[in-house]
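An overview of the molecular structure
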Amino acid sequence: MILVYSLGGSILAGRDAESLKEYAAALKELAADHQIYVVVGGGKIAREYIGKARALGASEAFCDLIGIEATRLNSALLMAALGEAAPQEIPDSYALAARLAERGKIVVLGGMAPGQTTDAVAALLAELVHADKLIVATSVDGVYSADPEVDPKAKKYTKMTCRELASLSMETTLSAGSRSPVDPLAAKIIERSSIPTVVVYGGDVENLKKAAEGGHFGTEIS
Ligand code: UTP
């Protein structure tokens, strides 16, 4: 299969070297059977730097550029853990990402353009390379009817349609304080191309394989 992973920055950056090695080993194992792309998020460092830049009066577009740098920094860390399994270059275009995969390596990339998040990058890449699955490995274990940290009655969907995801992501961005695990642009792209998508808790390395091959407890979107 062709698999595109959207890996939350917080999933990676909090790990020590040994644990990063384990994460990389799981990806390498998957790459033996599948073509893998990993889009890495900005995590804590992005939020910290964007917060400071914003307080200094930087424009939102400039803050986005800082965020992109953070995603590329996290990408570089994953590349270090993957060693020769990854091309030693972070693609700055979708075309280059697809080209690097031709050598059978695990392609690692970060953000691309201001005004979006790495979920959208992953969804666009999934379209471009005709991915069989888009796997969102994030800090929550699936898509909920409301933010589970705020609303104790929030229930997890085991299955939903691409259209339901798109409307849920619009609703949750409009109400302050709640966050959809997938940003609205990504959800729209998933919807327009009916990309089979799985949302799982990325902190458990086993979920990378289970999301691709079955047996996970996240949300299946189709
Ligand atoms: P993330 O993709 O990590 O955003 O990119 P996020 O979803 O807010 O972070 P998590 O999932 O909670 O960790 C970090 C920031 O980088 C910029 C945006 O400002 C984003 O918030 N960014 C990222 C872009 O502007 N363009 C991109 O293509 C990617």
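Definitions and cut-offs
- Residues numbered from 1 in each chain as written.
- Predicted model: local features only at pLDDT ≥ 70, side-chain atom pairs only at ≥ 80, totals over all residues.
- Heavy atoms only, no water.
- Core = buried A, V, L, I, M, F, W, Y, C linked by side-chain atoms within 4.5 Å.
- Buried < 20%, exposed > 50% of the residue type's maximum accessible area, 1.4 Å probe, protein only.
- Helix = DSSP H or I, 4+ residues; strand = E, 2+ residues; numbered from the N terminus.
- Contact = heavy atoms within 4.5 Å.
- Salt bridge = Lys/Arg side-chain N within 4 Å of Asp/Glu carboxyl O.
- Near = heavy atom within 4 Å.
- Polar contact = N/O pair within 3.5 Å; in protein donor to acceptor, adjacent residues only side chain to side chain.
- Expected span 1.5 Å × (residues − 1).
- Arc of directions from axis to C-beta.
- Pairing = 2+ DSSP bridges.

Below, the discussion takes up the nonpolar core. Across soluble globular proteins, nonpolar side chains show a tendency to be buried alongside one another. By size, the foremost hydrophobic cluster in this structure holds 34 residues, and its most contacted members are Val4, Leu109, Leu125, Leu134 and Ile190. For this core, the secondary-structure elements that each account for two or more residues are strand 2 (35-40), helix 5 (94-101), strand 3 (107-109), helix 6 (118-128), strand 4 (133-138), helix 7 (162-174) and helix 8 (184-193). Looking at which element gives the most residues to this core, the answer is helix 6, with six residues. Beyond its immediate chain neighbours, meaning those up to four positions away, Val4 contacts Tyr37, Val39, Ala122, Leu125, Ala126, Val129, Ala131, Lys133, Leu134 and Ile135. One finds Ala86, Ile90, Val198 and Leu208 within the second-largest nonpolar core, a separate group that totals 29 residues.

Let's shift gears to the pattern of salt bridges. Taken as a whole and assessed by the stated rule, the structure comprises seven salt bridges. The partner of Arg192 in a salt bridge is Glu127, and the shortest N-O contact between them spans 2.8 Å. In this pair, Arg192 is assigned in helix 8 and Glu127 in helix 6, connecting sequence segments 65 residues apart. A residue is classified by how much of its surface remains accessible, and Arg192, at 60% relative accessible area, is exposed. For Asp141, the salt bridge is made with Lys156, and the minimal N-O distance between the two is 3.3 Å. Separated by 15 residues along the polypeptide, Asp141 in the loop between strand 4 and strand 5 (143-144) and Lys156 in strand 6 (residues 156-157) bring together distant segments of the chain. Given the relative accessible area of 29%, Lys156 is considered partly exposed.

Taken together, 19 residues surround the ligand, and among them Gly42, Asp64, Met112, Ala113 and Thr118 come closest. In this structure, Gly42 approaches the ligand through a main-chain N or O atom, which is 2.6 Å from an oxygen atom. Of all the secondary structure elements, the ones that give two or more residues to the shell around the ligand are helix 3 (43-55), helix 4 (60-82) and helix 6.

Below, the discussion takes up helix 2 (residues 17-31). Given a rise of 1.5 Å per residue, 15 residues ought to cover 21 Å, and the 21 Å separating the end C-alpha atoms of helix 2 matches this to within 8%. Those residues of helix 2 not exposed but buried are Ser19, Leu20, Tyr23, Ala24, Ala26, Leu27 and Leu30. Each buried residue of helix 2 lies within a common arc of 150 degrees when the element is viewed along its axis, so the set occupies one face. Of the residues in helix 2, the exposed ones pointing more than 90 degrees away from the buried face are Ala17, Lys21, Glu22 and Glu29. Where the residues of helix 2 are buried, they touch strand 1 (2-7), helix 1 (9-13), strand 2, helix 4 and helix 9 (206-213).

Spatial ordering of the open sheet is given by 3-2-1-4-8-9-7, a layout of seven strands whose pairing is mixed. Where the open sheet ends on each side, the last strands, each with one partner, are strand 3 and strand 7 (159-160). The sheet contact formed by strand 2 and strand 3 spans three bridges and is parallel. Within the sheet, the bridge partner assigned to Val39 lies in strand 3 and is Leu109.

Below, the discussion takes up the environment of Val140. Looking at where Val140 falls in the secondary structure, it is placed in the loop between strand 4 and strand 5. Val140 sits in the partly exposed class, given a relative accessible area of 25%. With 63 residues separating them along the chain, Val140 and Gly203 place their C-alpha atoms 8.9 Å apart. Apart from residues no more than four positions distant in its own chain, Val140 is found in contact with Pro181, Val200 and Tyr201.

For strand 1, the buried fraction is high: five of the six residues fall into the buried class. Here six bridges tie strand 1 to strand 2, and the two strands are oriented parallel to one another. Of the residues in strand 2, the one forming a bridge with Ser6 is Val39.

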